[in-house]
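# Fold and geometry: a report
Listed below are the residues making up each chain.
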Amino acid sequence: MQETYRKLFDQVHASQRLQKEVAQMREQRNDAPRRRIAPGALLAAILVVLVLAGTTLAAAGGSLGDWFTQKWGEETGGSMTQQQAQVIDSLTQKVGESRTSGDVTVTVDSLTVGGDALWALLDVEGLRFDRSKKYSFDRIGVEILPDPSEGAVGGAGCSLGSIGVTESGAVRMLLEFTGVFSTGNQINSGGYALELRLHDLVRCRQGGEDEVIAQGEWSFSIPLTVDSLSPVISIESALVKGEMLQEGADGALEKVTQEVELRDITFTATGVSFYTEESSELLDVAAIFADGTEVASNGGGGSRMEDGSWYGSCQWPVPIDVETVTALRIGETEIPIP
């Protein structure tokens with residue numbers, strides 16, 4: 001795993017802050033969801049840092065909608081509106097596929113799929129699980145096929161960890177996947193599939209090595225079908241002020257505060273992407289709703305394109321209703337939504 005991160009740093013330009021955050025991923029202990037970088041073509045030239053909150057589902061037998069409702073409350077301090085809940089429901093598909101290896105059965109219950117992100121609810125059963133412990137898998141492989149980056153700049157990151165134990169005794173886990181696709185491809189447009197590979201179930205130990213409690217492999221190939229697509233809002237360009245990464249005379253990236261033009265801004269239910277002449281990895285992004293509620297992005301990444309420009313992308317902690325957003329705040333600048 002350490003070698004994987006070293007190779008990633010060889011392929012991308014990342015700030016010291018970003019490098020420190022990713023290095024901490026392999027040092028962190030297991031009181032948070034397990035993070036993995038996706039394999040294959042998606043590793044081409046991008047580093048994605050996810051900041052994922054360890055929300056525990058109060059009613060562990062609940063749905064993805066229940067988890068998003070709790071997450072919304074944590075992020076905003078308020079209640080999710082019915083219209084907001086309907087958007088999430090329109091992006092959610094029931095799966096119900098199971099795989100068994102040895103005594104353990106893993107079921108993918110459901111998926112919520114956005115343009116560049118997805119969430120999956122999993123149930124793991126067959127053993128006696130301690131409600132006070134955390135569980136995950138020793139190795140996690142997540143890939144979207146065909147490759148949404150089409151061999152161009154692209155990347156992905158994921159997190160998988162337990163969020164509770166159901167009344168029937170199954171461990172409920174949440175998978176969060178975030179992709180950065182400079183092609184602009186949307187994985188909820190149809191024609192894509194989630195390839196998920198899980199190896200060796202583990203009990204997480206804080207301050208020590210995880211304990212393998214069941215060896216095996218559980219693999220899934222799930223078509224990402226769509227019943228309803230949330231609108232995609234495009235903004236041709238905007239001038240924003242904020243912290244950016246700029247290449248100095250010695251070739252090293254340094255942090256500066258400046259005004260920069262963002263081009264081809266795309267705003268969806270799951271995130272915001274844009275192109276710029278400078279690295280945008282330090283820009284904070286938030287969606288502002290008509291009632292004053294704000295939702296801040298919780299992860300993202302950026303990469304240099306072949307022409308020397310940069311592609312930036314960030315994701316929302318939960319899918320949002322773009323039709324009720326009045327403005328985006330990027331850096332220190334508010335951009336009205338047309």
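To be clear, the structure that these remarks concern was listed above.
These figures come from a predicted structure and were not determined experimentally. (Residues numbered from 1 in each chain as written. Predicted model: local features only at pLDDT ≥ 70, side-chain atom pairs only at ≥ 80, totals over all residues. Heavy atoms only, no water.)

## Brief notes about the pairing of strand β14 (residues 285-289)
The buried fraction of β14 is high, at five of five residues. Neither face of β14 is open: one carries Val-285, Ala-287 and Phe-289, the other Ala-286 and Ile-288, and all of them are buried. For β14 and strand β18 (residues 325-330), the ladder comprises five bridges, and the chain directions are antiparallel. Following the sheet pairing, Phe-289 is matched in β18 by Val-325. Where β14 meets strand β15 (residues 294-296), three bridges bridge the pair, whose relative direction is antiparallel. In the strand pairing of β15, Ala-286 is matched with Ala-296. (Buried < 20%, exposed > 50% of the residue type's maximum accessible area, 1.4 Å probe, protein only. Helix = DSSP H or I, 4+ residues; strand = E, 2+ residues; numbered from the N terminus. Pairing = 2+ DSSP bridges.)

## Observations regarding the sheet that holds strand β19 (residues 333-336)
The four strands are arranged β15-β14-β18-β19 in an open sheet whose pairing can be described as antiparallel. Only two strands of the sheet have a single partner each, and these edge strands are β15 and β19. Each adjacent strand pair in this sheet contributes to an overall mean axis angle of 25 degrees, direction not counted. Inspection of the sheet shows β18 paired to β19 by four bridges, in the antiparallel sense. Bridge pairing in β19 places Ile-330 opposite Thr-333. (Axes fitted to C-alpha atoms, helices over the stretch in contact; angles between N-to-C directions.)

## Considering the environment of His-199
Along the chain, His-199 falls in strand β9 (residues 193-203). The exposure class of His-199 is buried, given its relative accessible area of 15%. Taking the C-alpha atoms as reference points, His-199 and Gly-141, 58 residues apart in sequence, are found 8.6 Å from one another. Apart from the residues lying within four places of it in its own chain, the contact partners of His-199 are Phe-137, Asp-138, Arg-139, Gly-216, Glu-217 and Trp-218. (Contact = heavy atoms within 4.5 Å.)

## Some words on the pattern of salt bridges
Inspection of the entire model under this criterion finds nine salt bridges. One salt bridge in this structure joins Glu-211 and Arg-205, with 3.2 Å as the shortest N-O distance. Accessibility expressed as a relative area gives 42% for Arg-205, which makes it partly exposed. Because the salt bridges share partners, they merge into one network encompassing Arg-203, Arg-205 and Glu-211. (Salt bridge = Lys/Arg side-chain N within 4 Å of Asp/Glu carboxyl O.)

## Observations concerning the pairing of strand β8 (residues 171-181)
When you tally the buried positions in β8, you get 11 out of 11 residues, the bulk of the element. Both faces of β8 are covered, namely the face carrying Val-171, Met-173, Leu-175, Phe-177, Gly-179 and Phe-181 and the face carrying Arg-172, Leu-174, Glu-176, Thr-178 and Val-180. Strand direction decides the pairing type here: strand β5 (residues 117-125) and β8, joined by eight bridges, are antiparallel. From the neighbouring strand, Asp-123 faces β8, where its bridge partner is Arg-172.

## Brief notes about helix α4 (residues 82-90)
Within the sequence span of α4, burial applies to Gln-84, Val-87 and Ile-88. An end-on view of α4 places all buried positions within 95 degrees of arc, on one side of the element. In this structure, α4 carries Gln-82 and Asp-89 as exposed residues pointing more than 90 degrees from its buried face. (Arc of directions from axis to C-beta.)

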